Amino acid sequence: MLANLFKPKPLLDDPSAAWICQQFEWIVQQFDGDFFEQTTILVLPDNNHFPGKADNHQAMAQILFDRVKHYAGLNHWPTLLLNLAQHAPQQDDQQAILPLTLQQGQQLAPVAGPPLRVYFNPAQVNEPQAMISSFAQSLAHALAQQTEQPPAIETQQWPLLVELVAIYLGFGVPMTNSAFAFAGGCGSCGKLAAQRQAFLSQDEALFALALFCQHKQIDNSTVVPQLNSHLKKLYKRAQWQLQQIPLQRPQLAG
């Protein structure tokens, strides 16, 4: 009985944890397994992973976006980066790169067509983790539309799945850190303007990050220092909860 008093509290309720695990298995099965195993990394929001400087919003956003494409294995995708303050999104934005086809050693490659239009919020230039995550969401949204086997989800769960795809691509740390921001006091309006649109809660994103790191066997010493301070202990709770789930590594595609 006393031992039970000292057990960590699960980070998520059982249905939420099970849903994330099920969807992550589906994601791993849909895409290039060799790329995931051999090339996909945990992308950290630091100067080593995002080197470079620029003197204007467009150039800085382009530097970040190019690195996001690189880590996602999507350098070969034709894309056009546009400033939301200057360009209104178009209805067919996410259809621009259809159809796609699998190519050996790649994620998905476009057959033909105009570039995928991706938009950036200039207010996020000073919040790079939010911008990186927004770019990862845009690419994940387009990527998730190309799977041959549809996900077993409700329509309203699609944005959650997209964020799980972005975490599968390696962007779990910035996705979790930017899931929401503490806004208040002077400058709070600016902070709100720079926030990204997040659908997974911070705990859900953190759990998915722990799941990614479990699959990739990434040590805590790499992950924990990069998390916002209030997330460090929560990450260990997510790891403990995963250890209680009889998780089978799915057979990878590719």
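Bear in mind the structure is a predicted one, so any value in this text is a computation, not a measurement. (Residues numbered from 1 in each chain as written. Predicted model: local features only at pLDDT ≥ 70, side-chain atom pairs only at ≥ 80, totals over all residues. Heavy atoms only, no water.)

Q: What is the right way to look at the pairing of strand E4 (residues 116-120) in this model?
A: On a regular strand, one side chain projects to one face of the sheet and the next to the other, so that they alternate. The buried count for E4 comes to five of five residues, which makes it a mostly enclosed element. Every second residue of E4 is oriented toward a common face, with Leu-116, Val-118 and Phe-120 on one face and Arg-117 and Tyr-119 on the other, all of them buried. When strand E1 (residues 79-83) meets E4, the two strands line up parallel, connected through five bridges. Across the sheet, the residue bridging to Thr-79 is Leu-116, located in E4. (Buried < 20%, exposed > 50% of the residue type's maximum accessible area, 1.4 Å probe, protein only. Helix = DSSP H or I, 4+ residues; strand = E, 2+ residues; numbered from the N terminus. Pairing = 2+ DSSP bridges.)

Q: What exactly am I supposed to notice about the nonpolar core here?
A: One recurring pattern in soluble globular proteins is that nonpolar side chains are buried together. Core analysis: the biggest nonpolar cluster contains 70 residues, and Leu-42, Phe-135, Phe-171, Phe-207, Leu-209 and Tyr-235 have the highest contact counts within it. At eleven residues, the largest contribution of residues to this core is made by helix H6 (residues 158-177). Ignoring sequence-local partners within four residues, the contact set of Leu-42 consists of His-49, Gly-170, Val-173, Leu-209, Phe-212, Cys-213, Ile-218, Thr-222 and Val-223. (Core = buried A, V, L, I, M, F, W, Y, C linked by side-chain atoms within 4.5 Å. Contact = heavy atoms within 4.5 Å.)

Q: Please clarify how the pattern of salt bridges should be interpreted in this entry.
A: One side chain can pair with another of opposite charge once the charged atoms of both are near each other. Applying the stated criterion across every chain yields a total of one salt bridge. One salt bridge in this structure joins Arg-196 and Glu-163, with 3.4 Å as the shortest N-O distance. Of this pair, Arg-196 sits in the loop between helix H7 (188-194) and helix H8 (202-216) while Glu-163 sits in helix H6, and the two are 33 residues apart along the sequence. Using a relative accessible area of 1% as the deciding quantity, one classes Glu-163 as buried. (Salt bridge = Lys/Arg side-chain N within 4 Å of Asp/Glu carboxyl O.)

Q: Looking at this structure, I do not really get the packing of helix H5 (residues 128-144) against H6. What am I missing?
A: Between two packed helices, both the angle of their axes relative to each other and the distance between the axes serve to describe the pair. Where H5 contacts H6, the two axes come as close as 8 Å, and the packing angle between them is 140°. Regarding H5 and H6, the two cross each other, and that crossing is right-handed. Contacts between H5 and H6 involve Gln-129, Ile-132, Ser-133, Ala-136, Gln-137, Ala-140, His-141, Leu-143 and Ala-144 on the former and, on the latter, Trp-158, Val-162, Glu-163, Val-165, Ala-166, Leu-169, Phe-171, Val-173, Pro-174, Met-175 and Asn-177. Here the contact of H5 with H6 is built from residues that sort into 14 nonpolar, five polar and one charged. (Axes fitted to C-alpha atoms, helices over the stretch in contact; angles between N-to-C directions. Left-handed = near helix turned anticlockwise from the far one by under 90°. Nonpolar A, V, L, I, M, F, W, Y, C, P; charged D, E, K, R; others polar.)

Q: Sorry if this is basic, but what is going on with helix H10 (residues 232-243) here?
A: Note: α-helices contain 3.6 residues per turn, so residues at a spacing of three or four share the same orientation. Between its terminal C-alpha atoms H10 stretches 17 Å, which fits the 16 Å expected from twelve residues at 1.5 Å a residue. Listed as buried for H10 are Leu-234, Tyr-235, Ala-238, Gln-241 and Leu-242. For H10, the arc enclosing every buried residue in end-on projection is 120°, short of the 170-degree limit, so these residues lie on one face. When the buried face of H10 is taken as reference, the exposed residues oriented beyond 90 degrees from it are Lys-233 and Gln-243. Where the residues of H10 are buried, they touch helix H2 (14-30), H8 and helix H9 (220-223). (Expected span 1.5 Å × (residues − 1). Arc of directions from axis to C-beta.)

Q: Please clarify how the confidence of the model for the protein chain should be interpreted in this entry.
A: Low-pLDDT stretches of the model should not have their predicted coordinates read in fine detail. In the predicted model, the protein chain carries a mean pLDDT of 84, and the fraction of residues at 70 or more is 80%. Throughout residues 95-107 the model reports pLDDT below 50, and contacts reaching past four residues in sequence, or to other chains, amount to 39 contacts. For the stretch residues 181-190, pLDDT sits under 50, and the model shows seven contacts to residues farther than four places along the chain or on other chains. (pLDDT = per-residue confidence, 0-100.)

Q: Got a minute to help me understand the side chain of Ser-133 in this structure?
A: With respect to the helices and strands, Ser-133 occurs in helix H5. In this structure the side chain of Ser-133 is engaged in a polar contact, spanning 2.8 Å, whose partner is the backbone oxygen of Gln-129. For Ser-133, the contacting residues outside a window of four places in its chain are Pro-174, Met-175, Ser-178 and Arg-196. (Polar contact = N/O pair within 3.5 Å; in protein donor to acceptor, adjacent residues only side chain to side chain.)

Q: Any chance you could explain the packing of aromatic side chains here in plain terms?
A: Aromatic ring pairs: the centre-centre distance and the angle between the two ring planes describe each pair. Under the definition given, this model contains six aromatic pairs. For the ring pair Phe-24 and Tyr-168, a centre distance of 6.2 Å and an interplane angle of 70° mean the geometry is edge-to-face. With a gap of 144 residues between them, Phe-24 in helix H2 and Tyr-168 in helix H6 connect regions that are remote in the sequence. Grouping aromatic residues by their ring pairs yields a cluster made of Phe-24, Phe-31, Phe-36, Tyr-168 and Phe-212. (Phe/Tyr/Trp six-rings, centres within 6.5 Å; stacked < 30°, edge-to-face > 60°.)

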